[in-house]
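Chains, contacts and geometry: an overview
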Amino acid sequence: YEEAIQDYSKIIELCPKDFDAYSDRAFCYKCLKQYEKMIQDYSKIIELRPKNYDAHLTLANSYFDLEQYEKAIQCYSKTIELKPKDDLAYTRRIICYERLNQYEKAIPDYSKIIKVIICILKNAIQYTNYGKVTLDITGNVQNEICNLEFIVLLVANALNAFGNELGMEAVT
């Protein structure tokens, strides 16, 4: 990784606005557990591309992993601003608030997560209705079973993702 860091640094010297070079170098820093340098590179990516969702999320996750929860909250907030239905960002921000004993600030995020889960359920119901139409037209019972299995997996995955972040047991 050291050699790659040197190569990416040379690229950055020649092309200081090459956000891919910053991103790749940041990955190398992460692998070497040089988190502060990684954070600097992701901050630079955000400077170059302020609406880069992935950079904001990665920076937020980095602060989260370093237990710098105030900074993580700021970054998750920006991530949510860029992608309002990002359940991972809401969930992580909830955990940050809880670790800072700011429980009242977590309540709106819980509401948002519940709305995301309701949206997933509504989409699942619409998908089921599509499956019923397909069943009525084609008489294909197997298709309906596959649709229902897909919906169950979709909802279980959404609930598990939320639960895993909060340290809850998986839905089976």
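Remember, it's a predicted structure, so these values are computed and weren't measured experimentally. (Residues numbered from 1 in each chain as written. Predicted model: local features only at pLDDT ≥ 70, side-chain atom pairs only at ≥ 80, totals over all residues. Heavy atoms only, no water.)

This part covers the packing of aromatic side chains. In total, this model carries two aromatic pairs according to the counting rule given. Both rings, one in phenylalanine 64 and one in tyrosine 76, keep their centres 6.5 Å apart while their planes meet at 70 degrees; by these two values the pair is edge-to-face. In this pair, phenylalanine 64 is assigned in helix α4 (residues 53-65) and tyrosine 76 in helix α5 (residues 69-82), connecting sequence segments 12 residues apart. Exposure remark for phenylalanine 64: the relative accessible area of 9% places this residue in the buried category. Ring pairing ties together the aromatic residues Phe64, Tyr69 and Tyr76, which thus form one cluster. Its guanidinium or amino end placed over the ring of phenylalanine 64, arginine 92 lies 4.2 Å from that ring's centre, counting from NZ or CZ. (Phe/Tyr/Trp six-rings, centres within 6.5 Å; stacked < 30°, edge-to-face > 60°. Helix = DSSP H or I, 4+ residues; strand = E, 2+ residues; numbered from the N terminus. Buried < 20%, exposed > 50% of the residue type's maximum accessible area, 1.4 Å probe, protein only. Lys NZ or Arg CZ within 6 Å of the ring centre and 35° of its normal.)

Time to look at the nonpolar core. Within the largest apolar cluster, 35 residues are counted, with the highest numbers of intra-cluster contacts made by Tyr42, Leu59, Phe64, Tyr76 and Cys96. Residue assignment for this core shows that the elements contributing at least two residues are α1 (2-14), α2 (19-31), α3 (35-48), α4, α5, α6 (87-99) and α7 (103-138). At seven residues, the largest contribution of residues to this core is made by α4. (Core = buried A, V, L, I, M, F, W, Y, C linked by side-chain atoms within 4.5 Å.)

Take the pattern of salt bridges next. Under the defined criterion, the tally for this structure stands at four salt bridges. Residues arginine 25 and aspartate 41 are paired through a salt bridge, measuring 2.6 Å at the closest nitrogen-oxygen approach. Here aspartate 41 lies in helix α3 and arginine 25 lies in helix α2, a separation of 16 residues in the sequence. On the accessibility criterion, arginine 25 (12% relative accessible area) is buried. The partner of glutamate 47 in a salt bridge is lysine 44, and the shortest N-O contact between them spans 3.0 Å. Taken as a pair, glutamate 47 and lysine 44 lie in helix α3 at a separation of three residues, close to a single helical turn. On the basis of relative accessibility, which here comes to 55%, the residue glutamate 47 falls in the exposed class. (Salt bridge = Lys/Arg side-chain N within 4 Å of Asp/Glu carboxyl O.)

Moving on: the state of the cysteines. Evaluation of the coordinates by the stated rule reveals zero disulfides. Here cysteine 31 is not cross-linked by a disulfide; its sulfur's nearest cysteine counterpart is in cysteine 28, at 6.4 Å. (Disulfide = S-S within 2.5 Å.)

Before going further, it helps to spend a moment on the environment of methionine 38. Tracing the backbone through its elements, the reader meets methionine 38 in helix α3. For methionine 38, a relative accessible area of 2% translates into the label buried. Those residues in contact with methionine 38 that lie beyond four places of it in its chain are Ala26, Tyr29, Lys30 and Ser62. (Contact = heavy atoms within 4.5 Å.)

Its identity as a non-glycine residue notwithstanding, lysine 33 has a phi of 60 degrees, on the positive side. If you trace the backbone, lysine 33 turns up in the loop between α2 and α3. One non-glycine residue, asparagine 101, lies in the positive phi region at around 55 degrees. Locating asparagine 101 in the fold gives a position in the loop between α6 and α7. For asparagine 101, a relative accessible area of 54% corresponds to the exposed category.

This next bit is on the confidence of the model for the protein. Looking at the protein, pLDDT values average 79 and 69% of them are 70 or higher. Taken element by element, the protein is modelled with least confidence in helix α8 (residues 141-165), mean pLDDT 56, and with most confidence in α5, mean pLDDT 95. Every residue in residues 133-138 scores below 50 in pLDDT, and together they form five contacts with partners more than four places removed in sequence or on other chains. Confidence drops under a pLDDT of 50 for residues 140-146, and excluding neighbours within four residues, the segment shows seven contacts in the predicted structure. (pLDDT = per-residue confidence, 0-100.)

This part is about the packing of α5 against α6. Between α5 and α6, the least distance of the axes is 9 Å, while the angle of their chain directions is 155 degrees. Relative to α6, the element α5 is oriented roughly antiparallel. Here α5 and α6 pass one another in a crossing that is left-handed. Residues Tyr69, Ala72, Ile73, Tyr76, Ser77, Thr79 and Ile80 of α5 touch α6, and the partners they reach there are Ala89, Tyr90, Arg92, Arg93, Cys96, Tyr97 and Arg99. (Axes fitted to C-alpha atoms, helices over the stretch in contact; angles between N-to-C directions. Parallel < 35°, antiparallel > 145°, perpendicular 65-115°, else oblique. Left-handed = near helix turned anticlockwise from the far one by under 90°.)

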